[in-house]
Amino acid sequence: MEKIAVCPGSFDPITLGHLDIIERGAKTFDRVIVAVLHNQKKEPLFTVEERVRLIKEATSHLEHVEVDWFGGLLIDYVKKSNAQTIIRGLRAVTDFEYEMQVASINKKIGPEIETFFMMTDNHYSYVSSSIVKEAARYHANVDDLVPANVAKALKAKFKSV
Ligand code: ADP
């Protein structure tokens, strides 16, 4: 059986921390689907289409990695994709509390779907999309926190701010 994992998130935008998790996931599973959550209630900096494009460009060197988006329940999307696993990255204890809640509810809704957690690489333990956006908004250099195409896209977004 092909081992398929879904790596879900907002990815607004994708950071090197995310990319590290995706790369390691791609070594562990036959196929990884990076799934961008389209949340009507949130106001992201990048549209779903932009986020998908940025991830596609940043993962173009990785075989067996696909990029998609979804709305609604993650478990429904995972089942529809014929995946068996959800991959999530863990940074600090603060992530743990939230991730445990989400994993528990997902286990309740879809008992056959397993959640895998991967510890962040030490280099990226402090990297988050929100920190990156905050820094980029004030024109700080984020070149070592995000893929090159994302750094460029951030510069374009905040050019006139
Ligand atoms: P969400 O809004 O679902 O938390 P994010 O895009 O912020 O989506 O994150 C997606 C996943 O990537 C989450 O599991 C998150 O913990 C993980 N992640 C985010 N940043 C890092 C990082 N620097 N290192 C490892 N994992 C990370």
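Look a little higher up for the structure.
Described below are features of the structure shown in this document. (Residues numbered from 1 in each chain as written. Predicted model: local features only at pLDDT ≥ 70, side-chain atom pairs only at ≥ 80, totals over all residues. Heavy atoms only, no water.)

**Details of the sheet that holds strand 3 (residues 65-70)**
- If you walk across this open sheet you meet the five strands as 3-2-1-4-5, and the pairing is parallel. Each edge of the open sheet carries a strand with a single partner, namely strand 3 and strand 5 (114-119). Adjacent strand axes in the sheet meet at a mean angle of 30° when their direction is disregarded.
- Examined bridge by bridge, strand 1 (residues 4-9) and strand 2 (residues 31-37) share six bridges and lie parallel to one another. Each bridged residue has a counterpart across the sheet, and for Ala-5 the counterpart in strand 2 is Val-32.
- Packed on one face of the sheet, helix 2 (residues 48-58) meets strand 2 and strand 3 and runs near 170° to strand 3. (Pairing = 2+ DSSP bridges. Helix = DSSP H or I, 4+ residues; strand = E, 2+ residues; numbered from the N terminus. Axes fitted to C-alpha atoms, helices over the stretch in contact; angles between N-to-C directions. Contact = heavy atoms within 4.5 Å.)

**Digging into the pattern of salt bridges**
- Scanning the model with the defined rule gives eleven salt bridges in all.
- The residue Asp-12 makes a salt bridge to Lys-133 at a minimum N-O spacing of 2.9 Å. Remark: Lys-133 occurs in helix 5 (residues 129-137) and Asp-12 occurs in the loop between strand 1 and helix 1 (16-28); sequence separation between them is 121 residues. Summarising the burial analysis for this pair, Asp-12 and Lys-133 share the class buried.
- Residues Glu-57 and Arg-53 are paired through a salt bridge, measuring 3.3 Å at the closest nitrogen-oxygen approach. With Glu-57 and Arg-53 both in helix 2, this residue pair falls four residues apart, about one helical turn.
- With a relative accessible area of 38%, Glu-57 lands in the partly exposed category.
- Residue Arg-53 is classed as partly exposed on the basis of its relative accessible area of 42%.
- Salt bridges sharing common partners tie together Glu-2, Arg-31 and Glu-66. (Salt bridge = Lys/Arg side-chain N within 4 Å of Asp/Glu carboxyl O. Buried < 20%, exposed > 50% of the residue type's maximum accessible area, 1.4 Å probe, protein only.)

**Some details on the packing of helix 2 against helix 6 (residues 148-157)**
- The interhelical angle for the contact between helix 2 and helix 6, taken along N-to-C directions, is 150°, at an axis separation of 9 Å. Regarding the angle of helix 2 to helix 6, the classification is roughly antiparallel. Judged by residue contacts, Glu-50, Leu-54, Glu-57 and Ala-58 of helix 2 engage Asn-149, Val-150, Ala-153 and Lys-157 from helix 6.
- The class makeup of the residues in the contact of helix 2 with helix 6 is four nonpolar, one polar and three charged. (Parallel < 35°, antiparallel > 145°, perpendicular 65-115°, else oblique. Nonpolar A, V, L, I, M, F, W, Y, C, P; charged D, E, K, R; others polar.)

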